[in-house]
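Here is what each chain is made of, one letter per residue.
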Amino acid sequence: MERFPFADGFHDADDALHCGGIPVADIAADCGTPLYLYNLDAIAARYRSYEDAFTEVEHLTCYAVKANASLAVLRALARAGSGFDVNSRGELYRALRAGADPSRVTMTGVGKTRQDIDDGLAAGILLFNAESVEECVRIDEVARNRGVVATVVLRINPDVDAHTHPYIATGLAEHKFGLSAADAEAAIARIASLEHVRLAGFGMHLGSMLFDAGPWVEGVRTLLAFIERVRPSLRHPVTHLNIGGGIGVPYGDAPVDFGPGALVAAIAPLLPRGVRLLSEPGRFLVANAGVLLARAEYIKRNNQRSFLILDAGMNDLIRPALYEAYHEIRPVQLHPGRAIVPYDVVGPVCESGDTFAVQRRMQEVREGELVAIFSAGAYGSSMSSTYNSRPLAAEAVLENGAWRLARARQTLEQLTENEHPAQE
Ligand code: LLP
């Protein structure tokens, strides 16, 4: 049995990829491709390992729903006891449908609408992670209309370099997120004076794919120093500190030795008493527990290159096109004796960017055979689209050792059902 650092709950046995104990080829034969497959048992285990790391600290883990918003994934995490961080009323709707406890739900986002805020208040969520003075004023107004007081954690942008891809770094001064310590300090009296807002703490989110605790330590120090400076202007005690998400995972063969244990060890000594630590892991919980299964439609030779043309495209998984992200790609069934050859692994979409890998060496693949794209559990399905009028892929899950379809493939009728092509 062979296990891989980039696959959580998937392994090779008899030269075939398995999820739990089941050959993934059996699942793909039933559901068709492209198919997302998630191992919910692995996600629950991952959640427990995350929780274990935080046991010594008063805390609440709010899974970042944006990473994977499948109801089946949310339900598995809700059952395991997770809270949820939602970035829209749509994500809130999903979390509640999946059985989330609203008192363990937070709402984030730099552009919350009145409707987002009102939905959050109606559901009785724990708090809003607010990003500006204007948003605090709006939350106050919406809460006043409902006759309630909204709990708010203000996001500070600590201007810390997280050393990650520029598209997924969020904690630098130039970013749209949060308020700089100086701007927040100038506005704090105004926010604290809002009668329908209870300013209960401060937070940050530095970026995604972080592999050491340094940026968090720097950020927490900045937050705590900020809190000391503004304390005289606050009307309520500081009860919450949000450190965001961002723990990285392996996408390739090199194992990663950073995780929640090292993060907690680094920041726990800094934390004041009586403060509840919020965190928002997304990728860490789900990325490696998902694969995208696709079939080889064609193996095409052109100008000395071999193109492995899959039935999955950039509309299904956009990370390689958007971030030049690396994903492991392997045939689902290995055949001893077949040659190792370089492929440009591409999809059927009419864009050169519809490329999963360039000159990637793997065992020879033949038309009709299955290929697995690994580490597709985070920001895969949740970022997919119907570009080229390609229906959204099906999703299957493995839970308690058995598999089931979690989302049927979108039909062509569903693709167009909300359109009104002619005047009626
Ligand atoms: N909290 C906030 C406020 C966030 O904006 C994010 C991610 C998270 C938590 C979760 O971060 P994680 O633990 O998953 O790193 N689409 C990109 C990643 C974008 C991340 C956006 N925010 C990708 O595919 O790499």
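Everything quoted here is computed from the prediction, not taken from an experiment.

Among the surface-exposed residues, D159, D161, E174 and E218 lie close enough to one another that they form a single negatively charged patch. Mapped onto the elements of the fold, E174 is located in the loop between β10 (150–157) and β11 (179–180). Residue classification places E174 among the exposed positions, given a relative accessible area of 66%.

This paragraph deals with the environment of Q414. Relative to the assigned elements, Q414 resides in helix α12 (residues 412–416). We classify Q414 as partly exposed; its relative accessible area is 37%. Through-space distance from the C-alpha of Q414 to that of P391 is 8.4 Å; in sequence the pair is 23 residues apart.

Here the focus is the sheet that holds strand β3 (residues 16–19). Picture the strands of a sheet paired through backbone hydrogen bonds; they go either parallel or antiparallel. In spatial order, the strands read β1-β2-β3-β4; together these four strands make up an open sheet with antiparallel pairing. The outermost strands of the open sheet, each flanked by one partner alone, are β1 (2–3) and β4 (22–23). The sheet contact formed by strand β2 (residues 10–13) and β3 spans four bridges and is antiparallel. Bridge assignment links A13 to a residue of β3, and that residue is A16.

On to the environment of G244. By secondary structure assignment, the location of G244 is in the loop between β13 (240–242) and α9 (260–267). In this structure the C-alpha to C-alpha distance between G244 and S208, which are 36 residues apart in sequence, comes to 9.6 Å. With near-sequence residues (within four places) excluded, G244 lies in contact with M204, H205, L278, S279 and E280.

This part is about the domain arrangement of the protein. Each domain of the protein was delimited in the assignment, giving domain 1 (2–39 + 287–415) and domain 2 (108–281). If you average the C-alpha positions of domain 1 and of domain 2, the two centres end up 35 Å apart. The interface of domain 1 with domain 2 comprises eleven residues on the first partner and nine residues on the second. Of the roughly 930 Å² buried between domain 1 and domain 2, counting both surfaces, carbon and sulfur atoms make up 59%.

All told, the structure shown has 18 salt bridges when counted by the stated rule. In this structure, R46 and D8 form a salt bridge, with 3.8 Å as the shortest nitrogen-oxygen distance. Here R46 is found in helix α2 (residues 40–54), whereas its partner D8 is found in the loop between β1 and β2, with 38 residues between them in sequence. Relative accessible area serves as the criterion here: at 22%, D8 is assigned to the partly exposed category. Where E135 meets K112, a salt bridge forms, and the shortest distance between an N and an O atom there is 2.5 Å. Pair noted here: E135 is in helix α6 (residues 133–146) and K112 is in the loop between β8 (105–107) and α5 (114–123), with a separation of 23 residues, a long-range link. The network of salt bridges with shared partners includes R75, E399 and R404.

Turning next to the packing of α5 against α6. One can describe the packing of α5 onto α6 by two numbers: an axis separation of 10 Å at closest approach and a directional angle of 50°. Between α5 and α6, the interaxial angle falls into the category oblique. In this structure, α5 meets α6 at a crossing whose hand is right-handed. Residue-level inspection shows R114, I117, D118, L121 and A122 of α5 in contact with α6, the latter providing R138, I139, E141, V142, A143 and R146. The residue makeup of the contact of α5 with α6, split by class, is six nonpolar, no polar and five charged.

Considering all chains together, one arrives at two cavities of 30 Å³ or more under this definition. Each pocket or cavity is described by its volume, and for the largest cavity that value is around 70 Å³. Around the largest cavity, the lining residues are T108, N129, V153, L154, R155, G203, M204, H205, N242, G244 and E280. For the lining of the largest cavity, the element with the highest residue contribution is β10, accounting for three residues.

Let us look at the site of the ligand. Around the ligand, the structure places 17 residues, and the nearest of them are S208, E280, R319, Y323 and Y379. Contact between the ligand and R283: an oxygen atom at 2.8 Å from a main-chain N or O atom of the residue. Take R319: an N or O atom from its side chain is 2.6 Å from an oxygen atom of the ligand. Relative to its free-state accessible area of 590 Å², the ligand is covered by the protein chains to the extent of 92%.

One way to put it is that helix α4 (residues 89–97) packs onto α5 with a least axis distance of 9 Å and a crossing angle of 25°. Classed by the angle they form, the pair α4 and α5 counts as roughly parallel. Of the residues in α5, those touching α4 at R89, L92 and L96 are Q115, D116, D119, G120 and A123. Its residues assigned to classes, the contact of α4 with α5 shows three nonpolar, two polar and three charged.

This brings us to α9. Within the sequence span of α9, burial applies to P260, L263, V264 and I267. Along the long axis of α9, the arc covered by the buried residues comes to 95°, so they all point the same way.

Before going further, it helps to spend a moment on the side chain of R319. Along the chain, the position of R319 falls in helix α11 (residues 319–323). Among all residues touching R319, those that are not within four sequence positions of it are Y251, R283, E324, A325, H327, A378 and Y379.

Criteria and thresholds
- Residues numbered from 1 in each chain as written.
- Predicted model: local features only at pLDDT ≥ 70, side-chain atom pairs only at ≥ 80, totals over all residues.
- Heavy atoms only, no water.
- Patch = residues over 30% accessible without salt bridge, like charges linked within 9 Å, V, L, I, M, F, W, Y side chains within 5 Å.
- Areas by Shrake-Rupley, 256 points an atom, 1.4 Å probe, with all protein chains shown as cover.
- Salt bridge = Lys/Arg side-chain N within 4 Å of Asp/Glu carboxyl O.
- Lys, Arg positive; Asp, Glu negative; His and termini not counted.
- Charge placed at Lys NZ, Arg CZ, Asp CG, Glu CD.
- Helix = DSSP H or I, 4+ residues; strand = E, 2+ residues; numbered from the N terminus.
- Buried < 20%, exposed > 50% of the residue type's maximum accessible area, 1.4 Å probe, protein only.
- Pairing = 2+ DSSP bridges.
- Contact = heavy atoms within 4.5 Å.
- Domains from an automatic or database assignment.
- Buried area = accessible area lost by both parts, 1.4 Å probe.
- Axes fitted to C-alpha atoms, helices over the stretch in contact; angles between N-to-C directions.
- Parallel < 35°, antiparallel > 145°, perpendicular 65-115°, else oblique.
- Left-handed = near helix turned anticlockwise from the far one by under 90°.
- Nonpolar A, V, L, I, M, F, W, Y, C, P; charged D, E, K, R; others polar.
- 1 Å grid on protein atoms, 1.4 Å probe; cavity = no way out; pocket = protein on both sides within 12 Å on 5 of 7 lines; lining within 4 Å.
- Points joined across faces, edges and corners; volume = space filled by probe spheres on them.
- Near = heavy atom within 4 Å.
- Polar contact = N/O pair within 3.5 Å; in protein donor to acceptor, adjacent residues only side chain to side chain.
- Arc of directions from axis to C-beta.

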